[in-house]
Amino acid sequence: MKTLVIRIAAPLQSYGDPASFEKRTTFRAPSKSAVIGMIGAALGFRRESDDYKSLNDLDFAVRVDQPGEVLSDFQITHYSLKKPGKLSHRIYLQDAVFMVALSSKQDALMEEIEYALRHPKFQLYFGRRSNPPAGILKMKMCPDKTAINVLKELPWQASVWFQRKYKKDVFNARIYADAKLVPDRPNRLIKDAVGSFNQKSRYYEYRSVAEDNVFLENSNYFQRKNTDHDIWTSI
């Protein structure tokens, strides 16, 4: 088994839960379907491709290292100059940082995904096309570790300014994961498995998720200097 851990950070992110056009809300952490969409874009999948479905089999977990702030935006869409525009209320996460862990026993597939994310065929974005990553993705491949184990061992990856602002010695990080990865936790169903990204017939299916948490040491609480944990040496 190999686990790829990715630091997801950007000025704006948005991971749409079921919503109408008039109001586009967001999950408080990256959805599995959004991450699968990003991987598919890196691999060069077209929206009409059925190859996305196979990525649903990846083990998935995400840790909230920096929750971010909720940002509201209003947009007006015009379909015709002769008709009034429609108002759309959209919600984003601002200055959030997440650690996403993806696992599979197919080592070749995990290596292909890692290479594709470093050399993407299409533009990567976090939930919406207006939300590009804040620079090159930070990633590391971890052999012989599950997604949950990696997220519980990895030091806190929040921005240094956020760690300094956080006036406690430990941070309680929430983890959202496929329910099978934390079988001792209560689970619930969310509509977050990819059915199709085809714009003419887009749909999602239900998957079972569970929540966990881990306490992470805030080294900047003690040292008050730049002690940003580098993902390359932390796992």
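Since the model is a prediction, treat every value here as computed from it, not as a measurement.

The rules we used
- Residues numbered from 1 in each chain as written.
- Predicted model: local features only at pLDDT ≥ 70, side-chain atom pairs only at ≥ 80, totals over all residues.
- Heavy atoms only, no water.
- Helix = DSSP H or I, 4+ residues; strand = E, 2+ residues; numbered from the N terminus.
- Expected span 1.5 Å × (residues − 1).
- Buried < 20%, exposed > 50% of the residue type's maximum accessible area, 1.4 Å probe, protein only.
- Arc of directions from axis to C-beta.
- Contact = heavy atoms within 4.5 Å.
- Salt bridge = Lys/Arg side-chain N within 4 Å of Asp/Glu carboxyl O.
- pLDDT = per-residue confidence, 0-100.
- Phe/Tyr/Trp six-rings, centres within 6.5 Å; stacked < 30°, edge-to-face > 60°.
- Lys NZ or Arg CZ within 6 Å of the ring centre and 35° of its normal.
- Core = buried A, V, L, I, M, F, W, Y, C linked by side-chain atoms within 4.5 Å.
- Axes fitted to C-alpha atoms, helices over the stretch in contact; angles between N-to-C directions.
- Parallel < 35°, antiparallel > 145°, perpendicular 65-115°, else oblique.
- Nonpolar A, V, L, I, M, F, W, Y, C, P; charged D, E, K, R; others polar.

Engineer: Explain helix α2 (residues 107–118) to me, using residue names and the numbers behind them.
Structural biologist: Over its 12 residues, α2 runs 17 Å from end to end, which matches the ideal 16 Å to within 8%, given 1.5 Å per residue. Those residues of α2 that sit buried are Leu109, Met110, Ile113, Glu114, Ala116 and Leu117. The arc enclosing the buried residues of α2, seen along the axis, measures out at 165 degrees, which places them on a common side. Exposed and facing more than 90 degrees away from the buried side of α2 are Ala108 and Tyr115. For α2, the secondary structure elements touched by its buried residues are β1 (2–13), α1 (32–43), β5 (86–104) and β6 (138–143).

Engineer: Describe the pattern of salt bridges, with residues and values.
Structural biologist: A side chain of one charge can pair with a side chain of the opposite charge when the charged atoms of the two come close. For the coordinates displayed, the defined rule picks out 12 salt bridges. Notably, a salt bridge pairs Asp59 with Lys180, separated by 3.0 Å at the nearest N-O pair. Within this pair, whereas Asp59 is found in strand β3 (residues 59–66), its partner Lys180 is found in the loop between β7 (170–178) and β8 (187–196), the two being separated by 121 residues in sequence. Among the residues examined, Lys180 registers a relative accessible area of 58% and is labelled exposed. Where Arg118 meets Glu114, a salt bridge forms, and the shortest distance between an N and an O atom there is 3.1 Å. Here the residue Arg118 and the residue Glu114 both occupy positions in helix α2, the gap between them amounting to four residues, near one helical turn. On the basis of relative accessible area, Arg118 is assigned to the partly exposed category, the value being 33%. Owing to a relative accessible area of 17%, Glu114 belongs among the buried residues under this scheme. Three or more residues are tied together by salt bridges with common partners; here these are Lys32, Asp178, Asp192 and Arg207.

Engineer: Can you tell me about the confidence of the model for the chain, naming the residues and giving the values?
Structural biologist: Per-residue pLDDT for the chain averages 89, and the proportion of residues at 70 or more is 89%. Of all the helices and strands in the chain, helix α6 (residues 231–234) carries the lowest mean pLDDT, 57, while β3 carries the highest, 98.

Engineer: So what about the packing of aromatic side chains? Which residues, and what values?
Structural biologist: Taken as a whole and assessed by the stated rule, the structure comprises 10 aromatic pairs. Seen from their ring centres, Phe45 and Tyr52 are 5.3 Å apart, and the 85 degrees between their planes marks the pair as edge-to-face. Among the aromatic side chains, those forming a connected cluster through ring pairs are Trp156, Trp161, Phe162, Tyr166 and Phe171. Here the basic side chain of Arg128 rests over the ring of Tyr92, its NZ or CZ set 4.7 Å away from the ring centre.

Engineer: Can you tell me about the nonpolar core, naming the residues and giving the values?
Structural biologist: Grouped together as the largest cluster of nonpolar side chains are 38 residues, with contacts concentrated most on Ile39, Leu102, Ile113 and Leu117. By size, the runner-up hydrophobic cluster in this structure holds 22 residues, among which are Val5, Met99, Leu154 and Phe162.

Engineer: Run through the packing of α1 against α2, naming residues and quoting values.
Structural biologist: Interhelical geometry of α1 versus α2 gives an angle of 75 degrees and a closest axis separation of 8 Å. Taken as axis vectors, α1 and α2 run roughly perpendicular relative to one another. Two secondary-structure elements touch here, α1 through Met38, Ile39, Ala42 and Leu43 and α2 through Glu112, Ile113, Ala116 and Leu117. Classifying every residue of the contact of α1 with α2 by side-chain character gives seven nonpolar, no polar and one charged.

Engineer: Describe in detail unusual backbone geometry, supporting the description with residues and values.
Structural biologist: Although it is not a glycine, Asp95 sits at a positive phi angle of roughly 60 degrees. Relative to the elements of secondary structure, Asp95 occurs in strand β5. Its relative accessible area of 37% is what places Asp95 among the partly exposed residues. In this structure, Asp144 takes a positive phi of about 60 degrees despite not being glycine.

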